[in-house]
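Below are the chains, spelled out letter by letter.
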Amino acid sequence: MTAPPSLCLERLAVGDLEPVSLRVAAGEVLCLAGPSGAGKSRLLRAIADLEPHRGTVTLGELAQTDLPGHAWRRRVMLVPAESQWWAERVGDHFPAGEGGVRGLSALGLMPEVLDWPVGRLSSGEKQRLALLRALARGPSVLLLDEPTANLDDATTRRVEAWLMARIRDGGWPVIWVAHDPAQIARVATRRGRLEGGRLVEEVPAPCK
Ligand SMILES: Nc1ncnc2c1ncn2[C@@H]1O[C@H](COP(=O)(O)OP(=O)(O)OP(=O)(O)O)[C@@H](O)[C@H]1O
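This structure is a prediction, so every number in the text was calculated from the model and none was measured.

Undergrad: So what about the sheet that holds strand S4 (residues 54–59)? Which residues, and what values?
TA: As summarised here, the arrangement of the 4 strands in space is S2-S1-S4-S5, forming an open sheet in which the pairing is antiparallel. Looking at the sheet topology across the chains shown, the edges are occupied by strand S2 (20–24) and strand S5 (62–63). With 5 bridges connecting them, strand S1 (residues 7–13) and S4 associate as antiparallel partners. In the sheet register, Leu 9 faces S4, and the bridge partner there is Val 57.

Undergrad: So what's going on with unusual backbone geometry? Which residues, and what values?
TA: Despite not being glycine, Arg 11 has its phi angle at roughly 50 degrees, a positive value. Its place among the elements puts Arg 11 in strand S1. Exposure remark for Arg 11: the 13 C-beta atoms within 10 Å place this residue in the partly exposed category. At Asp 49, a residue that is not glycine, the phi angle is positive and equals roughly 65 degrees. Of the residues examined, Asp 49 has 20 C-beta atoms within 10 Å and is grouped as buried.

Undergrad: Requested: an account of the site of the ligand, with residues and values cited.
TA: Looking at the ligand, the residues that line it are Gly 15, Gly 34, Ser 36, Gly 37, Ala 38, Gly 39, Lys 40, Ser 41 and Arg 42. A per-class count over the shell around the ligand returns 1 nonpolar, 6 polar and 2 charged.

Undergrad: Describe in detail the nonpolar core, supporting the description with residues and values.
TA: Within the largest apolar cluster, 52 residues are counted, with the highest numbers of intra-cluster contacts made by Cys 31, Ile 47, Leu 143, Val 174 and Trp 176. Apart from residues no more than four positions distant in its own chain, Trp 176 is found in contact with Val 29, Cys 31, Leu 144 and Val 187.

Undergrad: Explain the environment of Arg 190 to me, using residue names and the numbers behind them.
TA: Structurally, Arg 190 is set in strand S9 (residues 190–195). By C-beta crowding, Arg 190 is classed as partly exposed, having 17 other C-beta atoms within 10 Å. Sequence separation of Arg 190 and Cys 31 is 159 residues, and the distance between their C-alpha atoms is 6.2 Å.

Undergrad: Would you mind going over the sheet that holds S9 in detail, with residue names and values included?
TA: Here 6 strands make up an open sheet; going across it, the order is S6-S7-S8-S3-S9-S10 and the pairing mixed. Bordering the open sheet on either side are strand S6 (76–79) and strand S10 (198–200), each of which pairs with just one other strand. Recorded for the sheet is a direction-independent mean angle of 20 degrees between the axes of neighbouring strands. As paired elements, strand S3 (residues 29–33) and S9 share 4 bridges and run parallel to each other. Note on S9: the bridge partner recorded for Ala 33 is Arg 193.

Undergrad: Which residues make up the pairing of strand S7 (residues 141–145), and what values do they have?
TA: Looking along a regular strand, one sees the side chains alternate between the two faces of the sheet. Burial analysis of S7 places 5 of its 5 residues in the buried class, the great majority of the element. With burial as the criterion, each face of S7 is covered, one bearing Val 141, Leu 143 and Asp 145 and the other bearing Leu 142 and Leu 144. As defined by bridge partners, S6 adjoins S7 across 4 bridges and the pair is classed as parallel. The residue of S7 that forms the bridge with Val 76 is Val 141. Pairing of S7 with strand S8 (residues 174–177) involves 4 bridges; the strand directions are parallel. Bridge assignment links Leu 144 to a residue of S8, and that residue is Trp 176. The β-α-β motif built from S7, the intervening helix H4 (residues 153–170) and the parallel element S8 has right-handed crossover chirality.

Undergrad: Describe H4, naming the residues involved and giving the relevant values.
TA: In this model, H4 (18 residues) spans 25 Å end to end at C-alpha, consistent with the 26 Å of a helix rising 1.5 Å per residue. Within the sequence span of H4, burial applies to Val 159, Leu 163 and Ile 167. Across the axial projection of H4, the buried residues extend over an arc of 70 degrees, all falling on one side. Across from the buried face of H4, at angles greater than 90 degrees, the exposed residues are Ala 154, Ala 165, Arg 168 and Asp 169. Here the buried face of H4 lies against S3, helix H3 (123–136) and S8.

The rules we used
Residue numbering note: each chain is counted from 1, following its sequence as written. Given that the model is predicted, a residue must reach a pLDDT of at least 70 before its local features are reported, and side-chain atom pairs must reach 80 or more before they are shown or counted; all residues, however, enter totals for whole chains, interfaces and linings. DSSP-based pairing: two strands are paired if at least 2 bridges between them are found. By definition, any uninterrupted DSSP run of H or I lasting at least four residues is a helix, any uninterrupted run of E lasting at least two residues is a strand, and each is numbered from the N terminus. Residues with at least 20 neighbouring C-beta atoms inside 10 Å of their own are called buried, those with 12 or fewer are called exposed, and the rest are partly exposed, where every C-beta is derived from the backbone. Here is the check we use: build the C-beta atom from the backbone, and if it is within 6 Å of the molecule or strand, call the residue near. Three categories are distinguished: nonpolar for Ala, Val, Leu, Ile, Met, Phe, Trp, Tyr, Cys and Pro, charged for Asp, Glu, Lys and Arg, and polar for the others, with Gly belonging to the last. Each nonpolar core reported here comprises buried Ala, Val, Leu, Ile, Met, Phe, Trp, Tyr and Cys residues connected via C-beta atoms within 7 Å. Here, residue contact means that the backbone-derived C-beta atoms of the two residues sit within 7 Å. Interaxial angle, 0 to 180 degrees, is taken between N-to-C directions of lines fitted to C-alpha atoms, where a helix line uses only the stretch in contact. Handedness rule for crossovers: strands pointing away from the viewer, path from the first strand over the helix to the second running clockwise, crossover right-handed. Given a helix with a known number of residues, its expected span is that number minus one, times 1.5 Å. As used here, the arc belongs to the directions running from the helix axis to the C-beta atoms.

Coordinates in, geometry out; function isn't part of it.
So, in structure tokens, the structure goes:
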């Protein structure tokens, strides 16, 4: 089996941020912190090709510009802080396949939730379902924007454990935006911080 590819940013410039160059290797969890408004979400959106930007983003040999945006985003999977729901029924957002949706009970969700209308979901239920939906699509990279922001402590720990096990199995490069230092200590293999328009603290090596 070939190793999952690394995610590389080369002089990626979005908004007022100084260009960012870094490589996130397979299995690494780069936790990105920084004050509100520092540009964390915009950076993730640019990596997912959802925000105008300059510079290059590559996944192994594949460049962002090689694919239409939707095909890039199937591989480079962004789970935004506020997820989008387009069908009325929750279950219709998941690919149909054998065995149904995996991971519901691990994330503290009942199977019936799939038959609910989206409007019945709490923000924390939406957040957990958005994670399940993202992973059900077979990503190659995960970009997580505060994935536990709407959850209580016990559910946060449950989601962290589930995510870390999936990341270990999948071996994806991960960028995880987080504010809580305790969570960062639990999940990060590397840390970065966006502040004053630039990536500071642990500045990872650029690709080349
Ligand atoms: N499309 C846009 N055009 C111009 N400015 C934008 C755009 N989208 C967001 N911004 C601004 O860019 C800045 C960074 O926003 P971003 O959402 O990336 O911050 P953040 O670091 O994720 O903050 P938080 O921790 O509060 O989620 C903010 O000042 C925001 O208002």
